[in-house]
Amino acid sequence: MTDTLSDWNLLTLVGADRPGIVSRVTRVLYECGCNLGEASMIRLGGNFTIMLMVSDARPETEILDALAPVAEELGLRLHLDPLSGGLHQHLMPNVQVRVTGADRAGIVADVTEILAEQGFNILELESDVAGERERPVYIMNIQGYSDRTIEALADALVPMAARGVSVDVSPVDVLIG
Amino acid sequence: MAILDILKLPDPRLKQVSEPVDSFDQSLRDFIADLEETRLAGPGAVGIAAPQVAHFRRIVILDLSSRPKTPNHGHLVLINPEITHWEGFAMGREGCLSVPDYTGNVIRATQIRLKAQDADGVEHQYEMEGFEARAVQHELDHLDGLLFVDRVVSRRTDLHRRKVYK
C-alpha cells in the first residue's frame, strides 16, 4: 500500500433493480454533506449494483444511519468501507483482450492467469453471458496495461484456442486531441 | 511564438461554433505557429483545434508523423476543413487537451474523405482511415463546439460483439 487512508469511503449497494435507486441514495448523501467521486453502476443478473466513492464530511456511522431508511425501503444491502487512494489516479490501458467461447467454468481463471503471468495489469473487466439459453456464449472484455508486445501476449494466450476459447489481443490506442 | 492557454472543460467557450477563415495572411501564419507550439507543449496530442485556445476560427493542426505504423498524411494544417464522405464505424478511446485526466470511448467513422485548405488557401482533398480519420473527426468537432465527452458511449457498448454474432 503506497497510500494512507484518504477522506474517501467506498459505498457498495446491491439489491433488486428498480427505477429511482440512484436518485434516492445520492439525495441522502448530498443532504449528509457528502461529495461523490468515481462511480460504477451496472445491472448484473437483473440486480442493481453500484460502487461509489463517497467523501465523508461526517463520521461513517452518521452516513450509514442516514442511508438506513432508504436502504430498507428499497431492499438494498450496503457496505461503507474506508478507501485508500483518491481521485486523479487513472491509468491508461494500452491493450485490449476480447474473449469469447462456449460458456464453461474456468474461462476467466484460465485467461487471467496467463495474463497475470505476463505481468498484465487488468484495469477494466466486463463479462457477460449471451447466446441462446441452451447454448450460452461467454463474452469478456479486458482492458489493461502491459509492457509486453501484442504478439507476445497473443502467443501466451494461444493455448486457449485449444480449449475452444477465442481470444483477440489488440492495442488500445488512446487518441489525444 | 508563444504557448497559448488551453480552454478546459467546463469553459462554455468550448461550445462556441467557429467561423471560417477568409484571409490567408501573416497573422494566420503567426497564429498557426503559436497553435503548433501549444500542441507540442501538451501531453502527446496528435491534434489541436483553434477554439481550444479561444481563437474561434476553423483551423486544425494534425500530426501523426510520429506513428510510422499508422497510415497518415504527416503534419497537416487544415483550414476550413469539411468531411465530404463517411464510411464504417469503430469504437476507440479518446482524450483531449481540454479535458484533462479523462478518457472515454467514442464511435467514429473509419474512413473519410476530407476537403480542406492549407495555410496559403490552396484546397486539398484527403482520403483518411483509422486513427487519422478518428483524429480529424475529433478536431473538427471542436470547430462545431463539440467535445468527445459529448459523444462518449458506455464501455459496455461493444461493436465487436455485434459484428461477430450477427
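Being a predicted model, the structure only gives us computed values, none of them experimental.

**Here's the deal with the overall build of chain A**
Phase 1: Secondary structure assignment for chain A yields five helices and nine strands.
Phase 2: In summary, chain A has a C-alpha radius of gyration of 20 Å against a globular reference of 16 Å for 177 residues, an excess of more than 25%.
Phase 3: Taking the principal axes of the C-alpha coordinates as reference, chain A spans close to 55 × 45 × 35 Å.
Phase 4: Looking at chain A as a whole, 37% of its 177 residues are labelled buried.
Phase 5: Long-range pairs, those at least 24 residues apart, make up 71% of the contacts in chain A with a sequence separation of at least 6.
Phase 6: Surface exposure of chain A reaches about 10000 Å², of which carbon and sulfur atoms provide 51%.
Phase 7: Taken together, the 12 basic and 26 acidic charged side chains of chain A have centroids lying 8 Å from each other.

**Considerations on the side chain of R58 of chain B**
Residues and elements named next belong to chain B.
Phase 1: Mapped onto the elements, R58 comes out in the loop between β1 (47–49) and β2 (59–63).
Phase 2: Judged by its relative accessible area of 15%, R58 is buried.
Phase 3: Side-chain polar atoms of R58 contact the backbone oxygen of S18, separated by 3.0 Å.
Phase 4: Setting aside anything within four residues of it in sequence, one finds R58 in contact with V17, S18, E19, P20, V21, L78, I79, N80, P81, L143 and D144.

**Concerning the sheet that holds strand β4 (residues 90–96) of chain B**
The strands making up a sheet associate through backbone hydrogen bonding, with each pair oriented either parallel or antiparallel.
Phase 1: Here we have four strands laid out as an open sheet, ordered β9(A)-β4(B)-β5(B)-β8(B), and mixed in their pairing. Either end of the sheet is taken by a strand with one partner, and the two such strands are β9 (175–176) of chain A together with β8 (152–153) of chain B.
Phase 2: With two bridges connecting them, strand β5 (residues 99–108) of chain B and β8 of chain B associate as antiparallel partners. Residue pairing in the sheet places V106 of chain B in a bridge with V152 of chain B of β8 of chain B.
Phase 3: Packed onto the sheet, helix α2 (residues 130–143) of chain B meets β9 of chain A together with β4 and β5 of chain B and runs at close to 55° relative to β4 of chain B.

**Some points on the pairing of β4 of chain B**
Phase 1: Most of β4 of chain B is tucked away, with five of its seven residues classed as buried.
Phase 2: Strand direction decides the pairing type here: β9 of chain A and β4 of chain B, joined by two bridges, are parallel. Across the sheet, residue L175 of chain A finds its bridge partner in β4 of chain B, namely E94 of chain B.
Phase 3: Two strands pair when backbone bridges link them, and β4 of chain B and β5 of chain B are joined in this way by six bridges, in the antiparallel orientation. Paired with C96 of chain B across the two strands is V99 of chain B, which belongs to β5 of chain B.

**Considerations on a nonpolar patch on the surface**
Phase 1: A contiguous nonpolar surface patch, about 200 Å² in accessible area, is contributed by V108, I122 and L125 of chain A.
Phase 2: Relative to the elements of secondary structure, I122 of chain A occurs in strand β6 (residues 121–131).

**Some words on the sheet that holds strand β6 (residues 111–117) of chain B**
Residues and elements named next belong to chain B.
Phase 1: With antiparallel pairing, five strands are arranged side by side in an open sheet as β1-β2-β3-β6-β7. The sheet is open, and its two edges are formed by β1 and β7 (123–129), each paired on a single side. Adjacent strand axes in the sheet meet at a mean angle of 40°, parallel and antiparallel pairs treated alike.
Phase 2: The sheet contact formed by β6 and β7 spans seven bridges and is antiparallel. The residue of β7 that forms the bridge with L114 is Y126.
Phase 3: Of the strands in this sheet, β1, β2 and β3 (75–87) touch helix α1 (residues 26–41), which is tilted by about 45° from β2.
Phase 4: The sheet strands contacting α2 are β1, β2, β3, β6 and β7, and the helix crosses β3 at an angle near 105°.

**Focus on unusual backbone geometry**
All names here are of chain B.
Phase 1: In this chain, L9 is followed by P10 through a cis amide linkage whose omega measures 5°.
Phase 2: Here P10 is to be found in the segment before α1.
Phase 3: At A54, a position not held by glycine, the phi torsion is positive, near 65°.
Phase 4: For A54, the position within the fold is in the loop between β1 and β2.
Phase 5: Residue A54 is classed as partly exposed on the basis of its relative accessible area of 32%.
Phase 6: Positive phi outside glycine occurs at N80, with the angle close to 50°.
Phase 7: Counting through the fold element by element, N80 comes out in strand β3.

Calculation rules
- Residues numbered from 1 in each chain as written.
- Chains lettered and ligands numbered in written order.
- Predicted model: local features only at pLDDT ≥ 70, side-chain atom pairs only at ≥ 80, totals over all residues.
- Heavy atoms only, no water.
- Helix = DSSP H or I, 4+ residues; strand = E, 2+ residues; numbered from the N terminus.
- Rg over C-alpha atoms; globule rule 2.2 N^0.38 Å.
- Buried < 20%, exposed > 50% of the residue type's maximum accessible area, 1.4 Å probe, protein only.
- Contact = heavy atoms within 4.5 Å.
- Areas by Shrake-Rupley, 256 points an atom, 1.4 Å probe, with all protein chains shown as cover.
- Lys, Arg positive; Asp, Glu negative; His and termini not counted.
- Charge placed at Lys NZ, Arg CZ, Asp CG, Glu CD.
- Polar contact = N/O pair within 3.5 Å; in protein donor to acceptor, adjacent residues only side chain to side chain.
- Pairing = 2+ DSSP bridges.
- Axes fitted to C-alpha atoms, helices over the stretch in contact; angles between N-to-C directions.
- Patch = residues over 30% accessible without salt bridge, like charges linked within 9 Å, V, L, I, M, F, W, Y side chains within 5 Å.
- Salt bridge = Lys/Arg side-chain N within 4 Å of Asp/Glu carboxyl O.

As far as function goes, none of this settles anything; it's purely spatial.
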